[in-house]
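Overview (structure and organization)
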Amino acid sequence: MSSTRLPDELRKRVLEAATREPSPDRAAVRRSIQLASAVAVLSCLGLFVALGGVHLGTRPTQVVALTTVGWLLIAFAATWGAFGRGRSMLGRPAGWLLVVALATAPTFLSWFLMWTMMWPEASAPVPAFGIHLACFTTTIVFSLSPLVAFVVARRGSDPVHPRATGAALGAAAGAWAGVMIDLHCPVSATAHVLVSHVAPIVFLAIAGAWLGRRVLGIRN
Amino acid sequence: MAEPNHLNVAMDRYAEGDEAAFGVLYDGLAPRLFGYLLRQTRDHARAEDLVQQTMLQIHRARGRFIKGSEVVPWAFAIARRLMIDGMRRGKREVLANDPDDAEADMVSPDAPADQLFEAAEVAGLLLKELAKLPESQRVAFDLVKREGLSMAEAAQVLGTTVSAVKLRTHRAYEALRGALGTAPGKIDKLLTTAKVRAHEGGRS
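Residues numbered from 1 in each chain as written. Chains lettered and ligands numbered in written order. Predicted model: local features only at pLDDT ≥ 70, side-chain atom pairs only at ≥ 80, totals over all residues. Heavy atoms only, no water.

1. Examining the packing of helix α4 (residues 94-118) of chain A against helix α6 (residues 162-184) of chain A
Helix-helix packing is characterised by the crossing angle of the two axes and by the distance between the axes. Residues and elements named next belong to chain A. The interhelical angle for the contact between α4 and α6, taken along N-to-C directions, is 25 degrees, at an axis separation of 8 Å. Classified by the angle their axes make, α4 and α6 are roughly parallel. For the pair α4 and α6, the crossing hand works out as left-handed. Facing A94, L97, L98, V100, A101, T104 and F108 of α4, the residues of α6 in contact are A164, T165, A167, A168, A171, A175, G178 and V179. In terms of residue class, the contact of α4 with α6 is made up of twelve nonpolar, three polar and no charged. (Axes fitted to C-alpha atoms, helices over the stretch in contact; angles between N-to-C directions. Helix = DSSP H or I, 4+ residues; strand = E, 2+ residues; numbered from the N terminus. Parallel < 35°, antiparallel > 145°, perpendicular 65-115°, else oblique. Left-handed = near helix turned anticlockwise from the far one by under 90°. Contact = heavy atoms within 4.5 Å. Nonpolar A, V, L, I, M, F, W, Y, C, P; charged D, E, K, R; others polar.)

Have a look at this one:
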């Protein structure tokens, strides 16, 4: 390893600057992450209840239960993959994050298709465009609080691949929104689920990548 | 200079709120960062400024430091990111190593005159050849062979895989060996000379 003599004045300047600018220690950061998580969960559930909670519609209960359990597992896995950093301050490799960002939506859709193929009666006619749009918007709104919580917890912390981290976090937030909208929306037409419940995950992954570069990256 | 594991302990203490640990971190990290940044920017003032920014980023993010993780690759990754962003903003070019400036660092002053001359000559050639390498190979070689980072640490700093770093370092090594026509151990020997010289400089 190389080393080079630095002026003592620089050391003094850096230590003084650090003293002048207090930074949160581990306990303070833990508290702020816990607060952001609690606010995200409560606002997401509050919105869900305010919109009327669970609507089964014509869907068999088993299909809703199986879809929800599978989507919950996918959302947990996406969150673990996107938000966890393993034992490294530099987070997971970019390839790993991209897999989370790209695979979450197709996995959601595959899981849904698997159960609707086993219960064909769960299928419903494709609704009007307005319903697609309303559900798409609701899914995005559901995703906002988890996305904000993820970004608050990880802001300014990724010097290597903030876009990939942002994309993965966006997909994870979209996955949680997907779980909520699937419980809330009774329409089980494949086209509707694809456009209004799954496509927002892709949209959020793209938005997360945009946000990642601006918020998650190291800035001067 | 503190050993890397002592730096991890110091960083952990700092993350827990021990303010005095920041001085230990500075003493262990800043000279290494400065050496790396100076080679990349060739600008003393800019390298000092980047060291300051890097240390302050570490200070700001201390609460997010994961217990048991490595502080050195993280610090190098922050420094590299700040340097790249600064160059993009200022439309500076990434400058390759200056053989004339760096040549002096490659040779121990205590060596006999003929060895000194020969080593300086080969070191100069080595750095000229290093400057010709693609940026990805040069940076990987720099982090692994000159900064002493492990392949895994360098891969984390560069945001790539261990295999990619191994390949880039190997290609850089082979290109240097081919260009200089040296024996396999010669380049390592030259780099070792540079490290001894640099440590002497760091202690003086």
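There is more to say, and it comes next.
2. With respect to the packing of aromatic side chains
To describe a pair of aromatic rings, one takes the distance between the centres and the angle between the planes. All names here are of chain A. Following the criterion strictly, the structure yields ten aromatic pairs over all chains and no others. Their ring planes at 50 degrees and their centres at 6.3 Å tell us that F48 and F142 sit as a pair that is tilted. One end of the pair, F48, is in helix α2 (residues 26-50); the other, F142, is in helix α5 (residues 129-154), and 94 residues separate them in sequence. With relative accessibility at 9%, the residue F48 sits in the buried group. By relative accessible area, F142 is classed as buried at 1%. (Phe/Tyr/Trp six-rings, centres within 6.5 Å; stacked < 30°, edge-to-face > 60°. Buried < 20%, exposed > 50% of the residue type's maximum accessible area, 1.4 Å probe, protein only.)

3. Here we look at the interface of chain B and chain A
Contacts between the two partners involve 55 residues from chain B and, on the opposite side, 39 residues from chain A. Carbon and sulfur atoms supply 53% of the area that chain B and chain A bury against each other, a total of about 4500 Å² over both sides. Contact with chain A buries surface across chain B, with Y26(B), R64(B) and I66(B) losing the most and accounting together for 16% of the total. Counting the contacts that link chain B with chain A gives five salt bridges. (Buried area = accessible area lost by both parts, 1.4 Å probe. Salt bridge = Lys/Arg side-chain N within 4 Å of Asp/Glu carboxyl O.)

4. Digging into the packing of helix α7 (residues 135-146) of chain B against helix α9 (residues 162-180) of chain B
Residue and element names in this part refer to chain B. Two elements in contact, α7 and α9, have axes whose closest approach is 8 Å; the angle formed by their N-to-C orientations is 95 degrees. Relative to α9, the element α7 is oriented roughly perpendicular. Contacts between α7 and α9 involve S136, Q137, A140, F141, V144 and K145 on the former and, on the latter, V165, R168, T169, R171, A172, Y173 and L176. By residue class, the composition of the contact of α7 with α9 is seven nonpolar, three polar and three charged.

5. Thoughts on the nonpolar core
Across soluble globular proteins, nonpolar side chains have a tendency to be buried as a group. Within the largest apolar cluster, 54 residues are counted, with the highest numbers of intra-cluster contacts made by L25(B), L29(B), M55(B) and W74(B). Among the elements that line this core, the one with the most residues is helix α4 (residues 71-90) of chain B, at eleven residues. The contact partners of W74(B), leaving out residues within four places of it in the chain, are M89(A), L90(A), P159(A), M11(B), I58(B), A61(B) and F65(B). Counting residues in each nonpolar core, the second largest holds 15 residues, with A168(A), A173(A), L204(A) and L216(A) among its members. (Core = buried A, V, L, I, M, F, W, Y, C linked by side-chain atoms within 4.5 Å.)

6. Examining unusual backbone geometry
The phi dihedral of R42(B) is positive, around 60 degrees, even though this residue is not glycine. Residue R42(B) is classed as partly exposed on the basis of its relative accessible area, which comes to 43%.

7. Overview of the confidence of the model for chain B
Residues and elements named next belong to chain B. When pLDDT is averaged along chain B, the result is 77, and 70% of the positions lie at 70 or above. Here helix α5 (residues 99-103) stands out as the least confident element of chain B, with mean pLDDT 44; helix α3 (residues 44-60) is the most confident, with 93. With pLDDT under 50 throughout, residues 92-109 is counted as low confidence; its partners more than four residues away or in other chains account for 50 contacts. Across residues 196-204, confidence stays below pLDDT 50; counting only partners more than four residues off in sequence or on other chains, it has 15 contacts. (pLDDT = per-residue confidence, 0-100.)

8. Details of the pattern of salt bridges
Residue and element names in this part refer to chain B. Counted under the stated rule, the structure contains 14 salt bridges over all chains. One salt bridge connects K67 with D12, and the closest N-O pair in it is separated by 2.9 Å. Of the two residues, K67 is situated in the loop between α3 and α4 and D12 in helix α1 (residues 4-15); the sequence distance between them amounts to 55 residues. The class for D12 is buried, based on a relative accessible area of 14%. A salt bridge links R62 to E19; the nearest nitrogen and oxygen atoms lie 3.2 Å apart. With R62 in the loop between α3 and α4 and E19 in the loop between α1 and α2 (21-41), the pair connects residues that are 43 residues apart, well separated along the chain.

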